[in-house]
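# Topology and contacts: notes
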Amino acid sequence: SGGILSIEGVAIPTVSNTVTLTNKTLTAPLLTLLVEANTAGVASPNIITSAESYTTYTNEGATALNYHTLPTAVAGLTFTWVVQDVDGIRIVANTGDTIRVAGVVSGAAGYTTSVAIGDSITLTAINATEWVATSVVGSWLTI
């Protein structure tokens, strides 16, 4: 049967999965994460909130560069982006925060961007000012 899991006060629907192991039954919730197609542009970027942590964003259906503004970094917040449209995605750090992709770190309120279909990136805040790419597919320009 299904249930509700709460992370930071946000209710997340779950489903149960039952596995039988040597005459023992183990039941564990399976967490379904949100995937959001987003087409927000430069004039009105997608302003992400901390309550949306663990969301995956795509730019499916975009007609121009898709913009996202990260919330203020809080250790543990994690977001993923997948480029599905050649218009690309730009992820902007909040005031005073930086984004690190491998050995490259942005300036304060800097950004990372890609326009190659199939590229993806997962950013995790490691403290109150730093977003670090914990997974990167493709080439992300970081400024």
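Scroll up to find the structure this text is about.
Description of the structure in this document.

Below, the discussion takes up the environment of Val42. Within the fold, Val42 resides in the loop between β4 (35-37) and β5 (46-47). For Val42, a relative accessible area of 60% puts it in the exposed group. The spacing of Val42 and Ala64 is 22 residues in sequence and 8.7 Å in space, taken between C-alpha atoms. Discounting residues that sit within four places of it in the chain, Val42 has contacts with Leu65 and Tyr67.

Once that is clear, we can look at the sheet that holds strand β8 (residues 78-82). Sheet architecture is open: 7 strands sit in the order β4-β6-β8-β13-β14-β10-β11, paired in mixed fashion. The open sheet has two edge strands, β4 and β11 (104-105), and neither has a second partner. As paired strands, strand β6 (residues 56-58) and β8 are joined by 3 bridges and run parallel to one another. Bridging across to β8, Tyr57 finds its partner in Trp81.

The next point concerns a nonpolar patch on the surface. Together, Leu31, Leu33 and Tyr54 line one region of the surface with nonpolar side chains, adding up to about 280 Å² of accessible area. Relative to the helices and strands, Leu33 is located in the loop between β3 (24-31) and β4.

Let us now look at the sheet that holds strand β7 (residues 66-69). Taking strand neighbours across the sheet as the criterion, the 5 strands line up as β5-β7-β9-β12-β15 in an open arrangement whose pairing is mixed. Unpaired on one side and paired on the other, β5 and β15 (141-142) mark the two borders of the sheet. Summarising the sheet, β5 and β7 pair through 2 bridges and their orientation is parallel. Its bridge partner lying in β7, Asn46 is registered against His68.

Next up on the list: the environment of Val105. Residue position: Val105 is located in strand β11. For Val105, a relative accessible area of 41% corresponds to the partly exposed category. Contact partners of Val105, with chain neighbours within four places excluded, come to Thr98, Ile99, Arg100 and Thr142.

This next bit is on the pairing of strand β13 (residues 120-125). Sheet faces and side chains relate simply in a regular strand, where the side chains alternate between the two faces. With 6 of 6 residues buried, β13 is to be regarded as a mostly interior element. Bridge count for β8 against β13 is 5 bridges, and the pairing is antiparallel. Paired with Val82 across the strands is Ser120, a residue of β13. Where β13 lies against strand β14 (residues 130-137), 6 bridges are found, and the strand directions are antiparallel. Considered in β14, the bridge of Ala125 is made with Trp131.

This part takes up the side chain of Arg90. Here Arg90 is to be found in strand β9 (residues 89-92). Within the buried set, Arg90 has no salt-bridge partner at all; the shortest N-O distance to an opposite charge, 12 Å, is to Asp87.

Core analysis: the biggest nonpolar cluster contains 19 residues, and Trp81, Ile91, Leu123 and Trp131 have the highest contact counts within it. Looking at this core, the elements that each hand over two or more residues are β8, β9, β10 (98-101), β13 and β14. Take this core: its biggest share by element is 3 residues, from β13. Leu123 has contacts with Leu70, Leu77, Thr78, Phe79, Trp81, Ile91, Ile99, Trp131, Val132 and Ala133, leaving out every residue within four places of it along the chain.

Definitions and cut-offs
Residues numbered from 1 in each chain as written. Predicted model: local features only at pLDDT ≥ 70, side-chain atom pairs only at ≥ 80, totals over all residues. Heavy atoms only, no water. Helix = DSSP H or I, 4+ residues; strand = E, 2+ residues; numbered from the N terminus. Buried < 20%, exposed > 50% of the residue type's maximum accessible area, 1.4 Å probe, protein only. Contact = heavy atoms within 4.5 Å. Pairing = 2+ DSSP bridges. Patch = residues over 30% accessible without salt bridge, like charges linked within 9 Å, V, L, I, M, F, W, Y side chains within 5 Å. Areas by Shrake-Rupley, 256 points an atom, 1.4 Å probe, with all protein chains shown as cover. Salt bridge = Lys/Arg side-chain N within 4 Å of Asp/Glu carboxyl O. Lys, Arg positive; Asp, Glu negative; His and termini not counted. Core = buried A, V, L, I, M, F, W, Y, C linked by side-chain atoms within 4.5 Å.

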